[in-house]
Amino acid sequence: MQPYLKLDHIDKTFTRGNATTEVLKDINLTIERGEYVSIIGHSGCGKSTLLNIVAGLTDTTMGCVLLENREVNSPGPDRAVVFQNHSLLPWLTVYENVRLGVDKVFAASKSRSERDEWTMHNLNLVQMAHAKDKRPAEISGGMKQRVGIARALAMEPKVLLLDEPFGALDALTRAHLQDSVMALHQKLGNTILMITHDVDEAVLLSDRIVMMTNGPSARIGEVLDVPLARPRKRLELSTNAAYLKCRQRVLEFLYERHRFVEAA
Amino acid sequence: MNMPAIKTEPAATVVAPTAAAVVTMTPKRPPRADKYIKMAKETAVRVVPPLIVLALFMLVWELVCRRAGSTLPPPSRVFKDTRELIFDPFFDHGGIDKGLFWHLSASLQRVALGYSLAAVAGIALGTLVGQSVWAMRGLDPLFQVLRTIPPLAWLPLSLAAFRDGQPSAIFVIFITSIWPIIINTAVGIRNIPQDYRNVAAVVQLNPLEFFWKIMIPAAAPYIFTGLRIGIGLSWLAIVAAEMLIGGVGIGFFIWDAWNSSHISEIILALFYVGIIGFVLDRMIAGLAKFVTHGTALN
């Protein structure tokens, strides 16, 4: 069987003037449909670059990204991104931000009222329908990120790309939003690729955790399966042996074998 | 240090219920009269100081210019001389012997036309320069040189080209107000965050949609800064241009008054020019607030 999403021998080098930096080296990864995969690594290891490559926002130097066996090398709604800093357009309301994507993706396939319905449906999924006429400046950080998720979901992406989606949020809001994303994943069965630097978040949410070595020339150091049944409950997991073992493995990888070197 | 803070807590919780009860018992709003008095006070705070300054200014002017042999008329003379012009701005005796309304509206029409053209062309060129590195490298030096040319220096050239006063004046307005619009638009376009471009890329907006849905709103605060500077400059330029091209218009009205030694009329005209310049500026500022919903503009 062909893999759903395949990163095939991806190299990435940045060239500025005479200086060439190799960021990513020989990245190979396959993701099955409906799988939740996290990529974890220290900052500067090129994990955001990798996500941008999958999103098509950055070109590869070598290798390619295959989605359902077809090469993708330009951005598109089939790989919708939830950006770290939400990236809502401040001059549009919450509703209009989501509708922008809906109008483009379903221009031909849905009527006006269907698009309106679909927009509201997605706002309801993230419990933001009540704020549909507010502008991004008028809602909290967590709410903005919810709208960002709704905007991405509304495009019905084949793969949902989350770029440190909870990084800018306080711990309580983050936990709340993680639960929401878990519930959505459970309900909709999306294929999700998430970048994170939070070990607990990675273990809690993922089916597999991809651990990256430090840059430059970051590689995939290890891939860890998380053998925890879904739905997962945050509180129960805190004493679960399998959970703690996974957490231990990731911590060991990050803090013993691939300690963050300040100079790098 | 912590002890007193902890102690006060229980006391506060005991007091709270009674306080809440009292608040619910008196949902009284301040009477309407109080509200009006408050509003009147707020208005007075804003209006009284400028009025005092204005009165003092008039007084000094009156005292300085009242002496015999003074070259400029005092305010009382200005008012007496220009009474007819003030109270009947709509008369039309043919030729250029018209009320101030007609002169001002002729000037405003020229500005409206020249400025609108400058706004459209300026935003388009600014977008080009902001978006394309090559356009910037090619055009920016040219713009930087051309924008320093004083408005009136263009007038002879445009008279030679158009062979008529009316289009020449409009061209002078256009060429005066276009530079700040171009430059500010270009800066605004260059400053569009990469995030917004990424969003547009993921949603797959086409270039036209990108222009209307991302570029223009994202750059709107900058564009409106350029538009505000532009309207100010074009109002500055029209008076000078009209002095030279003649015909109906506030600029030539002033020049004509000078030639017939009607100094009071000049002062009245300057007053109107100032007020209208101010109103034009506020109009663009208001439009900016309306268009950007006050979100992007502070």
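Because the structure is a prediction, the values reported are computed rather than measured.

K.L.:
So what's going on with the overall build of chain A? Residues and values would help.
P.N.:
What chain A contains, in helices and strands, is 8 helices and 10 strands. A globule of 264 residues ought to have a C-alpha radius of gyration of about 18 Å, and chain A, at 19 Å, matches this closely. Each principal axis of the C-alpha distribution contributes one length, and for chain A these read about 55 × 50 × 40 Å. The buried share of chain A, reckoned over its 264 residues, is 53%. Considering only contacts within chain A whose residues lie at least 6 apart along the sequence, 70% involve residues at least 24 apart.

K.L.:
Report on the nonpolar core, specifying residues and quantitative values.
P.N.:
Judged by nonpolar contacts, the single largest core of 143 residues is most densely connected at A:Leu7, A:Leu123, A:Val203, A:Ile209, A:Val250 and B:Ile214. Looking at this core, the element that brings in the most residues is helix α10 (residues 207–245) of chain B, giving 15 residues.

K.L.:
Please provide a residue-by-residue account of the interface of chain A and chain B, values included.
P.N.:
With 20 residues of chain A at the interface, the matching set in chain B holds 17 residues. Buried surface at the junction of chain A and chain B, summed over both partners, amounts to about 1,700 Å²; 70% is from carbon and sulfur atoms. When residues of chain A are sorted by the area they lose upon contact with chain B, A:Trp91, A:Leu100 and A:Lys104 head the list and together hold 37% of the total. The tally of links between chain A and chain B comes to 1 salt bridge. Linking B:Glu209 and A:Lys104 is a salt bridge whose minimum nitrogen-to-oxygen distance equals 2.8 Å.

K.L.:
Any details on the pairing of strand β4 (residues 62–67) of chain A? Residues and values, ideally.
P.N.:
All names here are of chain A. Across 5 bridges, strand β1 (residues 5–16) lies against β4 in antiparallel orientation. In the strand pairing of β4, Lys6 is matched with Leu66. Two elements, β4 and strand β5 (residues 70–71), share 2 bridges in a ladder whose sense is antiparallel. When the sheet's bridge partners are listed, Leu66 is paired in β5 with Glu71. Remark: 2 residues form the turn of the hairpin made by β4 and β5, two consecutive strands paired antiparallel; Glu68 in that turn has positive phi of roughly 50 degrees.

K.L.:
Outline the sheet that holds strand β6 (residues 81–82) of chain A, supporting the account with residue identities and numerical values.
P.N.:
All names here are of chain A. As summarised here, the arrangement of the 6 strands in space is β6-β7-β8-β3-β9-β10, forming an open sheet in which the pairing is mixed. Both edges of this open sheet fall to β6 and β10 (220–225), since each of them pairs with a single strand only. Summarising the sheet, strand β9 (residues 208–212) and β10 pair through 5 bridges and their orientation is antiparallel. Within β10, the residue paired with Met211 across the bridge is Glu222. Helix α1 (residues 47–55) contacts β3 (36–40), β6, β7 (159–163), β8 (191–196) and β9 of the sheet and is inclined by roughly 150 degrees relative to β7.

K.L.:
I'd love a proper account of the pattern of salt bridges, names of residues and values included.
P.N.:
Residue and element names in this part refer to chain A. Under the definition given, this model contains 20 salt bridges over all chains. Ionic pairing is found between Lys47 and Glu164, a salt bridge with its closest N-O pair at 3.9 Å. Of the two residues, Lys47 sits in helix α1 while Glu164 sits in the loop between β7 and α5 (171–188), which places them 117 residues apart along the sequence. For the residue pair Lys47 and Glu164, the accessibility class agrees, reading buried in each case. In the salt-bridge network here, residues are joined through shared partners; they are Arg33, Glu68 and Lys158.

K.L.:
Mind laying out helix α12 (residues 263–291) of chain B, listing which residues take part and the relevant values?
P.N.:
All names here are of chain B. Here α12 is 29 residues long and its end C-alpha atoms lie 42 Å apart, about the 42 Å a rise of 1.5 Å per residue gives. Listed as buried for α12 are Ser264, Glu265, Ile266, Leu268, Ala269, Val273, Ile276, Leu280, Ile284, Ala285 and Ala288. Check the buried side of α12 and you find it contacts α3 (75–81), α4 (83–87), α5 (100–131), α10 and α11 (250–259). Once α12 finishes, His293 follows within two positions and takes phi at roughly 55 degrees, a positive value.

K.L.:
Can you explain the pairing of β7(A)? Please cite residues and give values.
P.N.:
All names here are of chain A. Among the 5 residues of β7, 5 are classified as buried, and the element is accordingly described as predominantly covered. Residue alternation in β7 divides its side chains into two sets, Val159, Leu161 and Asp163 and Leu160 and Leu162, and both sets are buried. Where β6 meets β7, 2 bridges bridge the pair, whose relative direction is parallel. Across the sheet, residue Val82 finds its bridge partner in β7, namely Leu162. Examined bridge by bridge, β7 and β8 share 5 bridges and lie parallel to one another. Looking at the pairing, Val159 lines up with Thr191 of β8. Assessed by its sense of winding, the connection that carries the chain from β7 through α5 to β8 is right-handed.

K.L.:
Lay out helix α6 (residues 133–146) of chain B in plain terms, naming residues and giving numbers.
P.N.:
Residues and elements named next belong to chain B. The terminal C-alpha atoms of α6 lie 20 Å apart, and with 14 residues this matches the ideal 20 Å at 1.5 Å per residue to within 8%. Of all the bends in α6, the greatest, near 40 degrees, is centred on Leu139, and the proline Pro141 appears no more than four residues after it. Capping of α6 at its N-terminal end is provided by Ser132; its side-chain oxygen lies 3.3 Å from the backbone amide nitrogen of Trp134.

K.L.:
Before we move on, can you summarise a nonpolar patch on the surface with the specific residues and values?
P.N.:
On the surface, B:Val47, B:Leu51, B:Leu54, B:Phe57 and B:Met58 cluster together into a nonpolar patch covering about 460 Å² of accessible area. Counting through the fold element by element, B:Leu51 comes out in helix α2 (residues 32–65).

K.L.:
Talk me through the packing of helix α3 (residues 112–125) of chain A against helix α4 (residues 141–154) of chain A; I want residue IDs and the actual numbers.
P.N.:
Residue and element names in this part refer to chain A. Between α3 and α4, the least distance of the axes is 9 Å, while the angle of their chain directions is 135 degrees. The orientation of α3 with respect to α4, classified from their angle, is oblique. Remark: the crossing between α3 and α4 carries right-handed chirality. Of the residues in α4, those in contact with Trp118, Asn122 and Leu123 of α3 are Ala150, Leu153 and Ala154. Its residues assigned to classes, the contact of α3 with α4 shows 5 nonpolar, 1 polar and no charged.

K.L.:
Describe the sheet that holds strand β2 (residues 19–31) of chain A, listing the residues and the values that go with them.
P.N.:
Residue and element names in this part refer to chain A. Reading across the sheet, the 4 strands line up as β2-β1-β4-β5 and stay open at both edges, with antiparallel pairing between neighbours. Edge positions in the open sheet fall to β2 and β5, since each of these has one partner strand only. Most of the contacts of α1 go to β1, to which it runs at about 115 degrees, and overall it touches β1, β2 and β4.

Reading guide: rules and limits
- Residues numbered from 1 in each chain as written.
- Chains lettered and ligands numbered in written order.
- Predicted model: local features only at pLDDT ≥ 70, side-chain atom pairs only at ≥ 80, totals over all residues.
- Heavy atoms only, no water.
- Helix = DSSP H or I, 4+ residues; strand = E, 2+ residues; numbered from the N terminus.
- Rg over C-alpha atoms; globule rule 2.2 N^0.38 Å.
- Buried < 20%, exposed > 50% of the residue type's maximum accessible area, 1.4 Å probe, protein only.
- Contact = heavy atoms within 4.5 Å.
- Core = buried A, V, L, I, M, F, W, Y, C linked by side-chain atoms within 4.5 Å.
- Buried area = accessible area lost by both parts, 1.4 Å probe.
- Salt bridge = Lys/Arg side-chain N within 4 Å of Asp/Glu carboxyl O.
- Pairing = 2+ DSSP bridges.
- Axes fitted to C-alpha atoms, helices over the stretch in contact; angles between N-to-C directions.
- Expected span 1.5 Å × (residues − 1).
- Right-handed = clockwise from strand over helix to strand, strands pointing away.
- Bend = angle between axes of the 7 residues up to and from the residue.
- Polar contact = N/O pair within 3.5 Å; in protein donor to acceptor, adjacent residues only side chain to side chain.
- Patch = residues over 30% accessible without salt bridge, like charges linked within 9 Å, V, L, I, M, F, W, Y side chains within 5 Å.
- Areas by Shrake-Rupley, 256 points an atom, 1.4 Å probe, with all protein chains shown as cover.
- Parallel < 35°, antiparallel > 145°, perpendicular 65-115°, else oblique.
- Left-handed = near helix turned anticlockwise from the far one by under 90°.
- Nonpolar A, V, L, I, M, F, W, Y, C, P; charged D, E, K, R; others polar.

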